[in-house]
Amino acid sequence: DTAVSQTPKYLVTQMGNDKSIKCEQNLGHDTMYWYKQDSKKFLKIMFSYNNKELIINETVPNRFSPKSPDKAHLNLHINSLELGDSAVYFCASSQSEGRHEQYFGPGTRLTVT
Amino acid sequence: DQQVKQNSPSLSVQEGRISILNCDYTNSMFDYFLWYKKYPAEGPTFLISISSIKDKNEDGRFTVFLNKSAKHLSLHIVPSQPGDSAVYFCAADSIQGAQKLVFGQGTRLTINP
């Protein structure tokens, strides 16, 4: 059983398109995150949601809009894709009470041409 | 401004010997530190963590040491095994950060037979 899953694993699209990445966790966690790993391999947080509420929004362009239909899902929609959006996007989840490790999905490699 | 730094992009160690991965941080508000391991095309996997109230935490072959005065932590793996070959990320969190992990850029560890 996959704890944190993401679809698709690879996404190739043209500039200006709109795309979505889906994330689901079956760990019973109530906090979920999106991270971006850029070409320099830095992993940076973009958003976090706790029980479907936005907790962290790290100065991400408005073209990025997370949606959490329930606490087991956190999808990422990207409008008007740009070349600089090419990266690997990781979803993660954790418990919210106390200090807990985050569990990561396998990543989605987005390539914008 | 990079608050968590892993200054060695790569490290090569012989099988059976000790691997020591280093991490430095600048933000004195960080009080919880984690190490993650990442294989190609997979998401980061949690290895071990340490709270700032401790200076050492051990889990099997993995030990993390924290030197708060130097703002430095290290991960020791002993004995090193071929399966330990991966990229290792150091991450830090603060109570104000609400589980907003700040990652270093990673160190690629290669274990040679």
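Use the structure listed above.
Residues numbered from 1 in each chain as written. Chains lettered and ligands numbered in written order. Predicted model: local features only at pLDDT ≥ 70, side-chain atom pairs only at ≥ 80, totals over all residues. Heavy atoms only, no water.

(A) Quick look at the state of the cysteines. Residues and elements named next belong to chain A. Using the criterion set out here, one finds two disulfides over all chains in the structure. Between the sulfur of Cys 23 and that of Cys 91 lies a disulfide, 1.8 Å long from S to S. Measuring handedness by torsion sign, the sulfur bridge of Cys 23 and Cys 91 sits at about -75 degrees and is left-handed. Remark: Cys 91 occurs in strand β9 (residues 87-94) and Cys 23 occurs in strand β3 (residues 19-25); sequence separation between them is 68 residues. Of the two residues, Cys 23 and Cys 91, neither departs from the other in class, the shared state being buried. (Disulfide = S-S within 2.5 Å. Helix = DSSP H or I, 4+ residues; strand = E, 2+ residues; numbered from the N terminus. Buried < 20%, exposed > 50% of the residue type's maximum accessible area, 1.4 Å probe, protein only.)

(B) Region of interest: the pairing of strand β5 (residues 43-50) of chain A. Residue and element names in this part refer to chain A. Among the eight residues in β5, six count as buried, and that is most of the element. The pairing of strand β4 (residues 31-37) with β5 spans seven bridges and is classified as antiparallel. Counterpart to Gln 37 in the pairing with β5 is Leu 43. The hairpin turn running from β4 into β5, its antiparallel successor, is five residues long, and Lys 41 in that turn takes a positive phi close to 75 degrees. Relative to strand β6 (residues 53-57), β5 is paired through four bridges, and the arrangement is antiparallel. Bridge pairing in β6 places Ser 48 opposite Ile 56. Between β5 and β6, which pair antiparallel one after the other, the connecting turn spans two residues, and Asn 51 there sits at a positive phi close to 50 degrees. (Pairing = 2+ DSSP bridges.)

(C) Focus on the interface of chain A and chain B. Listed by partner, the interface residues are 23 residues for chain A and 22 residues for chain B. Contact between chain A and chain B buries roughly 1,800 Å² in total, counting both sides, with carbon and sulfur atoms accounting for 57%. When residues of chain A are sorted by the area they lose upon contact with chain B, Phe 42, Leu 43 and Arg 99 of chain A head the list and together hold 35% of the total. Inspection of the chain A/chain B interface yields one salt bridge. Notably, a salt bridge pairs Lys 100 of chain B with Glu 58 of chain A, separated by 3.2 Å at the nearest N-O pair. Linking chain A with chain B are three residue pairs in polar contact (both at pLDDT 80 or more), by the criterion used here. Examining the composition of the side of chain A that touches chain B, we find that three residues originate from one element, β4 of chain A, more than from any other. By residue class, the composition of the side of chain A that touches chain B is 10 nonpolar, eight polar and five charged. (Contact = heavy atoms within 4.5 Å. Buried area = accessible area lost by both parts, 1.4 Å probe. Salt bridge = Lys/Arg side-chain N within 4 Å of Asp/Glu carboxyl O. Polar contact = N/O pair within 3.5 Å; in protein donor to acceptor, adjacent residues only side chain to side chain. Nonpolar A, V, L, I, M, F, W, Y, C, P; charged D, E, K, R; others polar.)

(D) The sheet that holds strand β7 (residues 62-67) of chain B, seen in detail. All names here are of chain B. Read from one edge of the open sheet, five strands run β1-β3-β8-β7-β6, paired in antiparallel fashion. One side of each edge strand has no neighbouring strand; the edge strands of this open sheet are β1 (4-5) and β6 (56-59). Bridge count between strand β3 (residues 19-25) and strand β8 (residues 72-77): six bridges; the pairing is antiparallel. Considered in β8, the bridge of Cys 23 is made with Leu 73.

(E) View of a nonpolar patch on the surface. Residues and elements named next belong to chain B. Together, Ile 18, Ile 20 and Val 78 give the surface a local cluster of nonpolar side chains, amounting to about 230 Å² of exposed area. Turning to its location among the elements, Ile 20 is positioned in strand β3. Take Ile 20: its relative accessible area is 36%, and that puts it in the partly exposed class. (Patch = residues over 30% accessible without salt bridge, like charges linked within 9 Å, V, L, I, M, F, W, Y side chains within 5 Å. Areas by Shrake-Rupley, 256 points an atom, 1.4 Å probe, with all protein chains shown as cover.)

(F) Seen up close, the side chain of Asp 85 of chain A. Residues and elements named next belong to chain A. Mapped onto the secondary structure, Asp 85 falls in the loop between β8 (73-78) and β9. According to the relative accessible area criterion, Asp 85 is buried, its value standing at 4%. Not counting residues up to four positions away in its chain, the partners in contact with Asp 85 are Lys 36, Arg 63, Phe 64, Ile 78, Ser 80, Leu 110 and Val 112.

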